[in-house]
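In case you want the letters, here they are:
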Amino acid sequence: MVNHKLFLLILLLGFLSCEDDNASFETMMQKENIRFQAMPGGAMMYYKLPSDANVFAINARYTDSRGVDVLKTGGYGGDSIFMNGFTSSRKNVPVSITLVNHRNEESLPINMTFDTQDSAPYAFFETVKVASSWEGFQVTYNTPEEVSGMVHIFYLGTNPLTRKEDTLLLKSSPIVKGGDTLLFSLQQPRPKNTVVIRTEDYGGYRVRQEVWKDVNAYFSEKYILTPENFIDVNDLSIEDDYYKTGVEYLFDGDLKGIKRKNAWNDDEIYTFLAGPWAYGAPFIIDLKEKKIPAMLRVYGILNMYLWWPSDIWNDAYITKIPCDVVVYGGNELDGDESSWTKIGSYYQDPATSGKDTWAWPCSDANWSNIIYKTTDIEEMDPAYMEISFPAESQTEYRYLKLQINNTYLYQSDDPEELYGVNDLEYITMHELEVYIKKD
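Below is a short write-up of the structure. (Residues numbered from 1 in each chain as written. Predicted model: local features only at pLDDT ≥ 70, side-chain atom pairs only at ≥ 80, totals over all residues. Heavy atoms only, no water.)

## A word on the packing of aromatic side chains
Here is step 1 of the chain: One pass over the structure, following the stated rule, counts 18 aromatic pairs.
Here is step 2 of the chain: On the numbers, 5.8 Å between centres and 15° between planes, the contact of Phe-230 with Phe-283 is stacked. Of this pair, Phe-230 sits in strand 16 (residues 230–232) while Phe-283 sits in strand 18 (residues 282–291); the two residues are 53 residues apart in sequence, bridging distant segments of the chain. By the burial criterion, Phe-230 is buried, and Phe-283 matches it.
Here is step 3 of the chain: By way of ring pairs, the aromatic residues Phe-36, Tyr-62, Phe-86 and Phe-114 are connected into one cluster.
Here is step 4 of the chain: Between Arg-35 and the ring centre of Tyr-46, over which it is positioned, the NZ or CZ distance is 4.2 Å. (Phe/Tyr/Trp six-rings, centres within 6.5 Å; stacked < 30°, edge-to-face > 60°. Helix = DSSP H or I, 4+ residues; strand = E, 2+ residues; numbered from the N terminus. Buried < 20%, exposed > 50% of the residue type's maximum accessible area, 1.4 Å probe, protein only. Lys NZ or Arg CZ within 6 Å of the ring centre and 35° of its normal.)

Written as structure tokens, this is what we have:
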């Protein structure tokens, strides 16, 4: 009998202990100590915990846009919690807020609401534009400073495996802070294209998708240029028979520098060189009649570990290669500045890390990729800077004015090592090509 009474006593004490464990404590969060600020993809909850030794943390419970119940926890080590999990903007999202003590007991809840802003993958479609381009299409978009999520770009084409029409992936990339312009030349050219753009969050969930139909594609062809098409307005071209520099080498078809590689004399460059004081000087291409320009390319000599003669080159070829170029179109050769229209440009900071420049295969500092044999250079791709002109305008110009405003600094593999500054503002272009709209 005694043992039976002892058992009942222990059972009663255990029951009372369980009741105590599940009990809530009396301290409650005050609404005036909480505020919300709508943010892309959610809201920031700012809180101020009471000065109470019993309070250990704060809990916030809400349901996100996918119907998932979310618990967020904060403590004295911070003053804010990000309430994420939303795609499009929402108003008056319910949230239940409790305080927590060291025994993980929660206070009675207070109920509030918060608003959210469109997430970056959703707001992406508020600025994105799909436009016609050469051999394909282009995608441009702008974004705020805070971005997240991925963008996937497809077009409607023929699946090479099934031989049936399918949406073919062109590019997947993170959404870029500030925006981007993406050009796509398609492997399967069509006069009109269907473009599909899809975004997703970093959790892998699809956020939004839109389709653009009948996007025109325009096709280009190379316009054959000769020295007669080139007008050196300020007479800056260095025409030198010994060093083999001059306008004639700008249009001789040597895109990589093979002539120089095969030269008997290391002093012979076989390229175009202009200066001094060539920065900002106009070089004009006369197309002889009005054409719709598509793009312009400037090529460089590939790195063949050859001597660069004279004080002009200063053993630093890359310091003469353009990094800041503007192209204008016009129909009056002797017109004032107002008669020229800016139609394209290319810009990189002169101190850009060598490996991130279009001219890295040409750089004297590219020790890991030196070309020693002519057979090797024949197998390599040329290095060029391309400036694409707007396809949708379809504006005709007879003249293109090329203005080079700056050149690269010399860089080794160490991005802090800069030298060979081009103080006298010489510029070089190994080959110059212009493409126009194909008839």
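## Points about the pairing of strand 1 (residues 34–39)
Here is step 1 of the chain: The pairing of strand 1 with strand 2 (residues 42–47) spans six bridges and is classified as antiparallel. When the bridges of strand 2 are listed, Ala-38 appears paired with Ala-43.
Here is step 2 of the chain: Connecting strand 1 to the antiparallel partner strand 2 that follows it, the hairpin turn spans two residues, and Gly-41 within it adopts a positive phi of roughly 85°. (Pairing = 2+ DSSP bridges.)

## A closer look at a nonpolar patch on the surface
Here is step 1 of the chain: On the surface, a nonpolar cluster with roughly 420 Å² of combined accessible area is contributed by Tyr-305, Trp-367 and Tyr-372.
Here is step 2 of the chain: Position of Tyr-305 among the secondary structure elements: in the loop between strand 19 (293–300) and helix 4 (310–313).
Here is step 3 of the chain: A relative accessible area of 51% places Tyr-305 in the exposed class. (Patch = residues over 30% accessible without salt bridge, like charges linked within 9 Å, V, L, I, M, F, W, Y side chains within 5 Å. Areas by Shrake-Rupley, 256 points an atom, 1.4 Å probe, with all protein chains shown as cover. Salt bridge = Lys/Arg side-chain N within 4 Å of Asp/Glu carboxyl O.)

## Some words on the side chain of Asn-59
Here is step 1 of the chain: Positionally, Asn-59 belongs in strand 3 (residues 57–63).
Here is step 2 of the chain: Here Asn-59 falls in the buried class, since its relative accessible area comes to 7%.
Here is step 3 of the chain: Side chain to side chain, Asn-59 and Glu-106 meet in a polar contact 3.4 Å long. (Polar contact = N/O pair within 3.5 Å; in protein donor to acceptor, adjacent residues only side chain to side chain.)

## With respect to the sheet that holds strand 7 (residues 110–114)
Here is step 1 of the chain: Across the sheet, which stays open at both edges, the four strands sit in the order 4-3-6-7 with antiparallel pairing between neighbours. Among the strands making up the open sheet, the edge pair consists of strand 4 (69–74) and strand 7. Strand-to-strand, the axes of this sheet are offset by a mean angle of 30°, without reference to chain direction.
Here is step 2 of the chain: As paired elements, strand 6 (residues 93–100) and strand 7 share five bridges and run antiparallel to each other. The residue bridging Pro-94 from the neighbouring strand is Thr-113, located in strand 7. (Axes fitted to C-alpha atoms, helices over the stretch in contact; angles between N-to-C directions.)

## Things to note about the layout of surface pockets
Here is step 1 of the chain: Each pocket or cavity is described by its volume, and for the largest pocket that value is around 430 Å³.
Here is step 2 of the chain: Gly-41, Phe-82, Asn-84, Gly-85 and Ser-148 are, among the 24 residues lining the largest pocket, the residues nearest its centre.
Here is step 3 of the chain: At the level of secondary structure, the elements contributing two or more residues to the lining of the largest pocket comprise strand 5 (80–84) and helix 2 (120–127).
Here is step 4 of the chain: Partitioning the lining of the largest pocket into residue classes produces 12 nonpolar, eight polar and four charged.
Here is step 5 of the chain: Estimates place the volume of the second largest pocket at around 260 Å³.
Here is step 6 of the chain: Taken together, the elements giving at least two residues each to the lining of the second largest pocket come down to strand 8 (129–134) and strand 12 (180–185).
Here is step 7 of the chain: Partitioning the lining of the second largest pocket into residue classes produces four nonpolar, five polar and one charged. (1 Å grid on protein atoms, 1.4 Å probe; cavity = no way out; pocket = protein on both sides within 12 Å on 5 of 7 lines; lining within 4 Å. Points joined across faces, edges and corners; volume = space filled by probe spheres on them. Nonpolar A, V, L, I, M, F, W, Y, C, P; charged D, E, K, R; others polar.)

## With respect to the sheet that holds strand 27 (residues 431–437)
Here is step 1 of the chain: Taken in spatial order, the four strands line up as 15-27-19-22 in an open sheet, and their pairing is antiparallel. Every other strand in the sheet has two partners, leaving strand 15 (220–223) and strand 22 (383–388) as the edge strands with one partner each. When the angles between neighbouring strand axes are averaged without regard to direction, this sheet yields 25°.
Here is step 2 of the chain: Both strand 19 and strand 27 contribute to a ladder of six bridges, which runs antiparallel. Opposite Pro-293, over in strand 27, you have Ile-436 as the bridge partner.

Remember that the coordinates give geometry; whether it matters functionally is a separate question.
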